[in-house]
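# Examining the three-dimensional arrangement
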Amino acid sequence: MTTEPPSSEVQLTPGGRLRHFLAIENLPRSLLTEILDTAAGFVSVGDRSVKNVPLLRGKTSVNLFFEPSTRTRTTFELAAKRLSADVLNMDIAHSATSKGESLLDMLRNLEAMASDLFVVRHADSGAAHFIARHVTPNVAIINAGDGRHAHPTQAMLDMYTIRHYKGGFEGLTVAIVGDVLHSRVARSQINALLTLGAEEVRVIAPRTLLPADVEALGARVFTELEPGLRDADVVMALRLQRERMQSALLPSEGEFYRLYGLNEDRLRHAHPQAIVMHPGPMNRGVEIDSGLADGERSVILHQVTFGIAVRMAVMSMCVSGQESGEV
Amino acid sequence: MQPDAHLLIRKGRVLDPAAGRDEVADVLVENGRLSRIGASLDAPGAELIDAEGLWVLPGLVDGCIRLSEPGGACTGSIASETRAAAAGGITHLGGLPDTDPVMDNAAVVQLVYEQAEKAGFARILPMGALTHQLEGEHLAEMHTLHQAGCVAFTNAGYPTTDALVLKRCLEYAANFDLPVVFRPQEAALTGNGCAHDGRIATHLGLPGVPVDAETVAVARDLELVQATGVRAHFHQISAAASLRLLRDARERGLPVTADVSIHHLLLNEHALEGFNSLCHIQPPLRHDRDRQALLEAVADGTLDVICSQHTPLGSSARLAPLPETRPGISGLDTLLPLLLHLVERGELPLERALDAVTAAPARCLGRPAGRLEPGHAASLCLVDPEPRRIPGEDWLSAGRNSPWLETELPGVVRLTVCEGKVTWLSD
Amino acid sequence: MNWTEDDIRQLLDHLARALQQQLQDRGIRDYELVGIYAGGAWVAEALRERLGYPDEAGMLDISFYRDDFSRHGLNPRVKPTRLPFDVDGRHLVLVDDVLMTGRTIRAAMNELFDYGRPESIQLVVLFDVGRRELPIRPDLCGETLALEPHKRVELHGPSPLWAELMEQTRQG
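Everything numeric here is computed off the predicted structure, so don't read it as measured data.

### Focus on the overall build of chain C
Looking only at helices and strands, chain C has 4 helices and 8 strands in total. For chain C, the C-alpha atoms occupy an extent of roughly 40 × 35 × 30 Å along the three principal directions. Per-residue burial over chain C gives 51% buried out of 172 residues. For chain C, restricting intrachain contacts to residue pairs at least 6 apart in sequence, the fraction spanning at least 24 positions comes to 68%.

What follows is the structure in structure tokens.
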């Protein structure tokens, strides 16, 4: 039977270098560590007055965002510019595709513009993989989020943040709280944490917000907040979208906050030095209260800074992998 | 089709599950009628076919296929698809009514018949719409459709959420003793799911179709079958849990038959790994436990029929991210080779396997087909079980959406005769 | 062929004296030392000791400025650039261990100019092995060699510092 190659084969050159960044699954630990180490170099570039390096000068990066997102798109744009690349933003919502042009046709048209990188966000799981399989050779695809499947750059910047504050992943207990069912961020985070050697990864959510067979992802399941938080070193909150109330998954935001909302009081159960993270944007008073979001344990603002460096790392590694000529 | 075949098929292994026959014998077809099966037959003037080492089977019956005409949802034409069927030893095809326009009036039935006759490759047995426009609100003109040639009625998997409407449809059908084919899938529980709601869907972030989307529908439909006494066939069972309900129903004496697609017997949810949209079908490929249970159910007869699930799609329907692709596999080219593959893997005994694609589906549709019965128009095929080939190299269906294109599979059809006419001949 | 710890020490002594003389000749009293990772940084440190230079030497990682990063990728194990001084208006002494094609020095200067506009840059290298591909020349050099095309010199360190002749595997 015709099968698809494992995602590692699509993402890596035969020599094991990154050429597309689509998902965390099947990537070796050494590669994830290389991304973090490369990002460290770019963090220091961000501290200079001249924040650019010439690595991608002459290259073009195209932002293909089928789902609106100002924050993530801006971060990718900044990352590309700091690498001295030219950036194109395709406003898909108002372009031909919404009028029925197929994804593939649109891709062919864009390829004529000789881009080197596509940063893609799409509502369908597997969209980034599909594009990577059909794009002309030597174009790197970076997944900025596909459906519920993966958001690998977000996961890597979260890993960078954890490594920055905790020194490493050994012995770490990480709790992910919230809508795991719909979260591509959570899936990528779980994969990354386990690959990088975290001791235990937990998911805390009501059953309606947990996917089928979630243990198969490698996480330990809790449906109650307090036991789930006990002794956790890192607490990662997920965003709860308003639509979930409409689909009969939750009665109200209020009830969600009462049962799963994070605040200082509940964090008592976690490790005294536990840090609190959130991929943003936050719903204050729903997943997390303001006191905690703005307090000492929160590293949320730093996540943003690290995000630019991590994306610079991924973009430069992918372009270099594509150019290496390994087929 | 002009029934005019005049053949003496010599020394083939004649396999006819309906008659319990498995023996080397000669088969004589005269003027399109199967006249005799016996040893050392003599027939001056008949074309001699040396069938030594080959199998003589009844023409295969594929329970439910999606029709390519009228309308454009499926690619190809009745001519191209029935030709693919003939090359696969298939002589009779049940045609679903989800055409465009919908087969809820006699004119569409007539069109389908005429196109099939004109092409002359296989017999299509049309299934009429259960409700007007398949919308699940008003009864279709079932009697008229029956007079026009429909052998059964179905809503083709489109939801009939109003249980009262469904009950009335079934009562009406039962009134004329017309069988109804159910494709059990509860619409709201299915949602926009495109994969089995299990670990693979979770890993890939694909919206899932839970088992209860099928069992809830099966349970409801069985209750209505009990209440109305209609003859019922359940099409495309995918979950082990549904089998329990079917077995219970049989024990209660309900007139219920069921089928499963060949793909659900060979593949499970892992086939979707890497976002393999070639394996995107409805109902989805489920856990391997379900697959095993389905195989056991075919072996013990709980699932009477194996079908191809034939849905030929053009490339634009497949070249998209998986959730956007249309579900379905183009199955006519590979029904028999996959069946033989299942048998050679020891997963199903040969006789039951052949019965599931010949006598059993004919019985469910209430048609005289799927058997080698002397005195009737001959519908048979000659199969060489030995050679292995790559189906993609001689693919005939207009739809190439199949995960089996590059897989080496056993069995080559040398000759197909449909209702007395030779529809396929190869060296 | 090898250069022992003693050989290198002698070269460094000679180089430090020459640098001192040159700075004096040019009337430069305030300057900053910058070494290129890794060998250049070791040499810069050795010069710093001999000159009695009070401040920390800067260290330059040129990975982001190379012209061949696609061939070899980025090297994430390298420490990031650290310049504990302002570049604007300063006299810089750029230090590297081996000067060959000149591309490393080109990258280093591009990077320095991204930090600011230096008043001047003097180039000091331990070994000049020729085979230039760009018009770069050192102001001061420990030892000049003419190497066969397939050979190169590698400095080992940080302690002890010694060097050896090796087969060429990578463009310098």
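Back to the text.
### Section: the sheet that holds strand β4 (residues 140-146) of chain A
All names here are of chain A. Taken in spatial order, the 4 strands make up an open sheet running β2-β1-β3-β4, and their pairing is parallel. In this open sheet, the two edge strands, each paired with only one partner strand, are β2 (86-91) and β4. Taken pair by pair, the neighbouring strands of this sheet meet at an average axis angle of 15°, ignoring direction. Strands β1 (60-65), β2 and β3 (117-122) of the sheet are contacted by helix α4 (residues 103-111), whose axis makes an angle of about 155° with β3.

### Some thoughts on the interface of chain C and chain A
Listed per partner, the contact involves 14 residues of chain C and 19 residues of chain A. Between chain C and chain A lies a buried interface of about 1,400 Å² when both sides are counted; carbon and sulfur atoms form 65% of it. Connecting chain C to chain A are 1 salt bridge. Between D114 of chain C and R48 of chain A there is a salt bridge, with its nearest N and O atoms 3.9 Å apart. The interface formed by chain C and chain A contains 2 residue pairs in polar contact (both at pLDDT 80 or more). Every element with two or more residues in the side of chain C that touches chain A is listed here: α3 (69-72) and α4 (103-115) of chain C. Residues belonging to the side of chain C that touches chain A are distributed by class as follows: 7 nonpolar, 4 polar and 3 charged.

### Some thoughts on helix α1 (residues 5-26) of chain C
Residue and element names in this part refer to chain C. With 22 residues, α1 extends 31 Å from end C-alpha to end C-alpha; this agrees with the ideal 32 Å at 1.5 Å per step. For α1, the set of buried residues is I8, L11, L12, L15, A16, L19, Q22 and L23. One face of α1 carries all of its buried residues, which in axial projection span an arc of 140°. Away from its buried face by more than 90 degrees, α1 exposes Q10, R17, Q24 and D25. Residue G27 follows α1 closely and has a positive phi angle near 70°.

### Some points on the environment of P152 of chain A
Residue and element names in this part refer to chain A. In this structure, P152 sits in helix α6 (residues 152-166). The exposure class of P152 is buried, given its relative accessible area of 0%. Spatially, the C-alpha atoms of P152 and R268 are 30 Å apart, while their sequence positions differ by 116 residues. Beyond its immediate sequence surroundings of up to four residues, P152 is in contact with F21, L22, A23, I24, N143 and S188.

### A few points about the packing of α4 of chain A against helix α5 (residues 127-134) of chain A
All names here are of chain A. Direction vectors running N to C along α4 and α5 enclose 50°, while the axes themselves pass 11 Å from each other. Judged by the inter-axis angle, α4 sits oblique to α5. The hand of the α4/α5 crossing is right-handed. Residues L103, L104, L107, R108 and E111 of α4 touch α5, and the partners they reach there are F130, I131 and H134. Of the residues assigned to the contact of α4 with α5, the class counts are 5 nonpolar, 1 polar and 2 charged.

### A few points about the arrangement of the chains
The interface with the most contacts, out of 2 pairs of chains in contact, is the one formed by chains A and B. If you take every C-alpha in chain B and every C-alpha in chain C, the smallest gap between them is 27 Å, and the two do not touch.

### Focus: the domain arrangement of chain A
Residues and elements named next belong to chain A. We note that the domain assignment places domain 1 (8-150 + 305-322) and domain 2 (152-299) within chain A. In this structure, domain 1 and domain 2 have C-alpha centres spaced 26 Å apart. Contact residues are listed per partner, giving 33 residues for domain 1 and 27 residues for domain 2. When domain 1 packs against domain 2, close to 2,400 Å² is buried across both sides, 65% of that on carbon and sulfur atoms. Area buried by domain 1 at its contact with domain 2 is led by L36, R148 and F306, which between them contribute 30% of it.

### Examining the sheet that holds strand β7 (residues 90-95) of chain B
All names here are of chain B. Spatial strand order, β6-β7-β8-β9-β10-β13-β14-β15: 8 strands in an open sheet with parallel pairing. A strand with exactly one partner marks an edge of an open sheet, and here the two such strands are β6 (60-65) and β15 (305-307). The mean angle between the axes of side-by-side strands here comes to 30°, regardless of whether they run parallel or antiparallel. Both strand β10 (residues 180-182) and strand β13 (residues 232-234) contribute to a ladder of 3 bridges, which runs parallel. Considered in β13, the bridge of V181 is made with H233. The strands touched by helix α1 (residues 78-87) within the sheet are β7 and β8 (123-129), with β7 carrying the most contacts at an inclination of about 135°.

### Comments concerning the interface of chain A and chain B
Counting from both sides, the interface comprises 26 residues of chain A and, opposite them, 27 residues of chain B. Of the roughly 2,100 Å² buried between chain A and chain B on both sides combined, carbon and sulfur atoms contribute 59%. For the pair chain A and chain B, the number of links is 9 residue pairs in polar contact (both at pLDDT 80 or more). Of all the elements in the fold, those that place two or more residues in the side of chain A that touches chain B are α4 and α5 of chain A.

### Focus: the environment of A232 of chain A
All names here are of chain A. Inspection of the secondary structure assignment puts A232 in the loop between α8 (225-229) and β8 (234-237). Remark: the alpha-carbon pair of A232 and Y160, spanning 72 residues in sequence, is separated by 18 Å. Setting aside residues no more than four positions away along its own chain, A232 makes contact with T173, A175, R202, A270, H271 and A274.

### A closer look at unusual backbone geometry
Residues and elements named next belong to chain B. The linkage connecting D100 with the following residue, P101, adopts the cis geometry, with an omega of 10°. Structurally, P101 can be placed in the loop between β7 and α2 (106-119). Even without a glycine there, the phi angle at D177 is positive, about 55°. Here D177 shows up in the loop between α4 (163-175) and β10. A relative accessible area of 48% means that D177 is categorised as partly exposed. A positive phi angle, close to 45°, is found at E419, a residue other than glycine. The exposure class of E419 is partly exposed, given its relative accessible area of 23%.

What counts and what doesn't
- Residues numbered from 1 in each chain as written.
- Chains lettered and ligands numbered in written order.
- Predicted model: local features only at pLDDT ≥ 70, side-chain atom pairs only at ≥ 80, totals over all residues.
- Heavy atoms only, no water.
- Helix = DSSP H or I, 4+ residues; strand = E, 2+ residues; numbered from the N terminus.
- Buried < 20%, exposed > 50% of the residue type's maximum accessible area, 1.4 Å probe, protein only.
- Contact = heavy atoms within 4.5 Å.
- Pairing = 2+ DSSP bridges.
- Axes fitted to C-alpha atoms, helices over the stretch in contact; angles between N-to-C directions.
- Buried area = accessible area lost by both parts, 1.4 Å probe.
- Salt bridge = Lys/Arg side-chain N within 4 Å of Asp/Glu carboxyl O.
- Polar contact = N/O pair within 3.5 Å; in protein donor to acceptor, adjacent residues only side chain to side chain.
- Nonpolar A, V, L, I, M, F, W, Y, C, P; charged D, E, K, R; others polar.
- Expected span 1.5 Å × (residues − 1).
- Arc of directions from axis to C-beta.
- Parallel < 35°, antiparallel > 145°, perpendicular 65-115°, else oblique.
- Left-handed = near helix turned anticlockwise from the far one by under 90°.
- Domains from an automatic or database assignment.

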